[in-house]
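Here is what each chain is made of, one letter per residue.
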Amino acid sequence: MQIGIDLGTTFCAVATLDDRGRPSAVPNRDGDILTPSAVYLSPDGSAVVGQPALDMALEQPDRVATLIKRKMGLPEYGRPVAGREFRPETLSAIILKKLAQDAATQLGPITGCVITVPAYFDDTRRKATMDAGRIAGLNVLDIIDEPSAAALAYSVGSGTRETSEPPQPQTVLVYDLGGGTFDVTLVKLGKKRFQVLAIEGDVRLGGKDWDDRLANWAAEKFLKEYGSDPRTDPQSEAMLQSTTERAKRSLSKVEQVSLTVTHAGHRLTVPITRAEFETLTRDLLIRTRLTTQQVLAQAGLTWPQVDKVLMVGGSTHMPATGKMLTELTGREPDHSLAVSEVVARGAAVHAGIASAKANASGESKGSDELGEIVEISVNAHALGVQIRQGVEQLNHKLVLKNTQLPASAEEVYYTARDNQTRVRVRILQGEAHQADACSPVGECWIEGLPANLPKGSPVRVKCGVAANGRIEVTATDLTSGRAAMAAILRPGGLTDHELSREATWVRNLRVQ
Ligand SMILES: Nc1ncnc2c1ncn2[C@@H]1O[C@H](COP(=O)(O)OP(=O)(O)OP(=O)(O)O)[C@@H](O)[C@H]1O
Ligand SMILES: [Mg+2]
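Residues numbered from 1 in each chain as written. Chains lettered and ligands numbered in written order. Predicted model: local features only at pLDDT ≥ 70, side-chain atom pairs only at ≥ 80, totals over all residues. Heavy atoms only, no water.

J.: Whenever I open this one, the overall build of the protein confuses me. Can you help?
T.: When its secondary structure is counted, the protein shows 12 helices and 24 strands. Taken over C-alpha atoms, the radius of gyration comes to 24 Å for the protein, in line with the 24 Å a tight globule of 512 residues would show. Taken over the C-alpha atoms alone, the protein extends approximately 75 × 60 × 50 Å along its principal axes. When each of the 512 residues of the protein is scored for burial, the buried share is 54%. About 22000 Å² of surface is accessible on the protein, with carbon and sulfur atoms providing 49% of the total. Taking the average place of the 58 positive charges on the side chains of the protein and the average place of its 61 negative ones, the gap between the two points comes to 2 Å. (Helix = DSSP H or I, 4+ residues; strand = E, 2+ residues; numbered from the N terminus. Rg over C-alpha atoms; globule rule 2.2 N^0.38 Å. Buried < 20%, exposed > 50% of the residue type's maximum accessible area, 1.4 Å probe, protein only. Areas by Shrake-Rupley, 256 points an atom, 1.4 Å probe, with all protein chains shown as cover. Lys, Arg positive; Asp, Glu negative; His and termini not counted. Charge placed at Lys NZ, Arg CZ, Asp CG, Glu CD.)

Structure below.
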């Protein structure tokens with residue numbers, strides 16, 4: 001059985017396809033659709049994932065990891081968990097193992113999965129996510145952008161595929177504000193064609209930032225009253241975080257709540273209104289508004305050309321997001337999606353499409369129809385190579401942002417010395433002109449060139465972005481016309497050796 005996994009910053013969800021190729025969420029063993037993205041490492045050497053792990057953060061914060069997704073792409077989680085430094089991939093793998101384990105108790109053995117990533121994730125973070133899946137022992141069929149997954153689930157669920165008349169293609173804006181990331185994507189939905197037009201986003205903006213504003217506001221009040229700061233004590237801070245997150249949720253429904261802060265033997269209860277909360281966080285909302293305007297400009301569209309606005313992600317429960325979108329776009333956003341599971345459902349559809357295409361004999365579920373769907377995406381960041389101009393190191397863009405994928409571009413380089421057998425090319429992602437303002441994907445070494453090449457021999461390098469946003473490089477020695485070896489060395493990325501070491505560790509870890 002294949003599953004789609006929404007690996008969120010704060011919550012995860014799993015979905016699968018039924019016999020007719022329709023997606024549905026798979027609850028965890030406790031019967032919940034959402035599993036908190038929290039890992040508790042117990043003194044007995046086992047791991048606990050989900051709500052119980054989150055609860056343990058109140059007692060033993062140093063044994064609990066949360067918000068791991070914000071660290072994806074970095075070499076370390078950033079602080080020790082149960083006394084040990086971890087890679088973000090390994091901590092994510094523990095969560096994935098638990099999700100797959102729970103799904104397997106209901107569905108039987110899991111043969112493959114699709115994991116979702118924020119559309120704005122760069123290659124380094126995409127690789128880290130795929131590696132997390134491998135460390136968890138999963139067969140990762142593909143990754144898919146979260147807003148695309150949501151739109152895919154929407155198009156399947158809204159019956160777009162099932163009407164006999166081909167419906168008019170719809171242009172849909174997906175505004176996805178989750179716990180830790182923000183993505184906004186424009187998609188064109190046709191009967192059998194699913195095309196992303198443009199992507200914008202922010203990998204460090206989500207519900208957590210709204211929580212932090214509220215927590216800091218309450219902590220300042222506490223500090224003023226008692227002269228002591230609850231943010232300085234891990235336990236008080238964990239309590240403060242959990243209280244403010246709950247208060248924030250309540251403010252989506254009621255106009256006023258009270259927040260209680262406990263620290264150093266004192267207790268302070270402060271009331272806050274929704275209007276005050278919205279004032280505290282106004283600039284965060286404005287950031288999402290600007291990004292939404294940008295994506296429209298990138299696609300060269302105007303608001304009347306957008307047929308629908310879909311809201312995805314738990315943070316769109318905040319009434320201010322819907323109000324802002326109505327005012328900006330001139331239409332009521334669609335609240336009909338089950339925001340907590342729609343991304344996982346779309347990932348399950350994508351898994352179905354991928355396997356139906358791979359398995360054209362039509363053995364998989366609902367594969368006739370799924371196999372006919374064409375999915376087209378764009379790259380969220382420009383792809384370039386570093387070049388030197390005078391004393392400056394610049395980003396020479398080869399594939400522009402929002403180019404339809406897969407895409408590639410070629411560039412010819414010349415050897416600098418006689419007998420040069422390898423060439424190094426630095427690959428960059430980003431819009432900036434200066435190389436050091438971009439994210440480095442890695443160094444690509446082109447090796448195995450013939451030994452006797454004279455200085456100035458041409459080598460052709462082809463940089464490509466695959467349909468799922470991953471970067472690939474190939475090279476040809478133009479003198480012999482033969483392919484040369486080209487591998488990208490990713491600076492913070494896991495090597496195959498490290499990957500199998502981590503996978504062994506996670507395989508032997510008892511996760512519940
Ligand atoms: N009723 C509500 N009002 C306000 N915020 C809410 C509400 N319900 C959930 N949230 C917030 O939504 C966020 C979780 O949303 P979601 O599950 O979509 O995010 P995620 O998938 O974990 O994160 P990401 O997609 O950014 O990786 C949390 O910050 C949570 O506090
Ligand atoms: Mg999410």
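There is more to say after this.
J.: I would appreciate a short explanation of the nonpolar core in the present structure.
T.: Generally speaking, soluble globular proteins have nonpolar side chains that are buried together. Counting 79 residues, the largest nonpolar core has I5, I94, I95, L96 and V174 as the members making the most contacts within it. Top contributing element to this core by residue count: helix α10 (residues 342–358), with nine residues. The contact partners of L96, leaving out residues within four places of it in the chain, are I5, L7, I115, A132, G133, A136 and L138. One finds Y175, V270, L325 and L328 within the second-largest nonpolar core, a separate group that totals 39 residues. (Core = buried A, V, L, I, M, F, W, Y, C linked by side-chain atoms within 4.5 Å. Contact = heavy atoms within 4.5 Å.)

J.: Is there a simple way to think about helix α6 (residues 234–251) in this case?
T.: Side chains three or four residues apart in an α-helix point the same way, a direct result of the helix having 3.6 residues per turn. Taking 1.5 Å per residue, 18 residues should reach 26 Å; α6 reaches 26 Å between its end C-alpha atoms and fits that length. Along α6, the residues that are buried comprise S236, A238, L240, T243, T244, A247, K248 and L251. (Expected span 1.5 Å × (residues − 1).)

J.: Sorry if this is basic, but what is going on with empty space enclosed by the protein here?
T.: If a probe as big as a water molecule is rolled over the atoms, it shows which places are left empty. According to the stated counting rule, one finds four cavities of 30 Å³ or more in the structure shown. Here the largest cavity is characterised by a volume of approximately 100 Å³. What lines the largest cavity is a set of 13 residues, and nearest its centre among them are L7, G8, K69, M72 and S92. Split into classes, the residues belonging to the lining of the largest cavity amount to six nonpolar, six polar and one charged. Each pocket or cavity is described by its volume, and for the second largest cavity that value is around 70 Å³. With four residues, helix α2 (residues 88–107) is the single largest residue contributor to the lining of the second largest cavity. Its residues assigned to classes, the lining of the second largest cavity shows eight nonpolar, two polar and three charged. (1 Å grid on protein atoms, 1.4 Å probe; cavity = no way out; pocket = protein on both sides within 12 Å on 5 of 7 lines; lining within 4 Å. Points joined across faces, edges and corners; volume = space filled by probe spheres on them. Nonpolar A, V, L, I, M, F, W, Y, C, P; charged D, E, K, R; others polar.)

J.: Can you walk me through the packing of helix α5 (residues 207–226) against α6 in this structure?
T.: Angle between the axes and distance between the axes are the two parameters that describe a pair of packed helices. Following both chains from N to C, one finds α5 and α6 inclined at 115 degrees, their axes separated by 9 Å at the closest point. In this view, α5 runs roughly perpendicular relative to α6, as classed from their interaxial angle. Crossing geometry of α5 relative to α6 is assigned as right-handed. Listed contacts from α6 to G207, K208, W210, D211, L214, A215, A218 and A219 of α5 are L240, Q241, T244, E245, A247 and K248. Residues belonging to the contact of α5 with α6 are distributed by class as follows: seven nonpolar, three polar and four charged. (Axes fitted to C-alpha atoms, helices over the stretch in contact; angles between N-to-C directions. Parallel < 35°, antiparallel > 145°, perpendicular 65-115°, else oblique. Left-handed = near helix turned anticlockwise from the far one by under 90°.)

J.: How do you make sense of the layout of surface pockets when you look at a structure like this?
T.: Its boundaries defined by the atoms lining it, the second largest pocket holds a volume of some 530 Å³. As for the second largest pocket, its lining consists of 16 residues, of which Q386, Y413, V423, R424 and V425 are closest to the centre. At the level of elements, β17 (383–389), β19 (407–414) and β20 (423–429) are the ones that each hand at least two residues to the lining of the second largest pocket. Of the residues in the lining of the second largest pocket, the class split is eight nonpolar, four polar and four charged.

J.: I would appreciate a short explanation of the site of ligand 1 in the present structure.
T.: Taken together, 20 residues are adjacent to ligand 1, and T9, T10, K69, E245 and S252 come closest. Taking E245, its side chain carries an N or O atom lying 2.5 Å from an oxygen atom of ligand 1. Here the element with the most residues in the shell around ligand 1 is α6; it accounts for three residues. Looking at the shell around ligand 1 residue by residue, the classes come out as two nonpolar, 13 polar and five charged. (Near = heavy atom within 4 Å. Polar contact = N/O pair within 3.5 Å; in protein donor to acceptor, adjacent residues only side chain to side chain.)

J.: Before we go on, may I ask you to explain the pattern of salt bridges in this structure?
T.: Under the criterion given, the structure shown has 32 salt bridges. In this structure, K308 and D334 form a salt bridge, with 3.8 Å as the shortest nitrogen-oxygen distance. Note that K308 is positioned in strand β15 (residues 308–312) and D334 in the loop between α9 (319–329) and α10, a separation of 26 residues in sequence. Look at K308 and you get partly exposed, because its relative accessible area is 23%. When the shortest N-O distance is used, the salt bridge between R426 and E443 registers 3.2 Å. (Salt bridge = Lys/Arg side-chain N within 4 Å of Asp/Glu carboxyl O.)

J.: Before we go on, may I ask you to explain the sheet that holds strand β5 (residues 39–41) in this structure?
T.: Think of a sheet as strands paired side by side through backbone hydrogen bonds, with each pair either parallel or antiparallel. Read from one edge of the open sheet, three strands run β6-β5-β7, paired in antiparallel fashion. A strand with exactly one partner marks an edge of an open sheet, and here the two such strands are β6 (47–49) and β7 (64–65). One ladder, built from two bridges, connects β5 with β7; its direction is antiparallel. Residue V39 lies in a different strand from β7, and its bridge partner there is A65. (Pairing = 2+ DSSP bridges.)

J.: Looking at this model, I keep getting lost on helix α12 (residues 496–508). Mind explaining?
T.: Between its first and last C-alpha atoms α12 spans 19 Å; for 13 residues at 1.5 Å apiece the expected length is 18 Å, and the two agree. Those residues of α12 that sit buried are L499, E502, A503 and V506. One face of α12 carries all of its buried residues, which in axial projection span an arc of 105 degrees. Opposite the buried face of α12, at more than 90 degrees from it, the exposed residues are H497 and N508. Buried residues along α12 sit in contact with α2 and α3 (123–135). (Arc of directions from axis to C-beta.)

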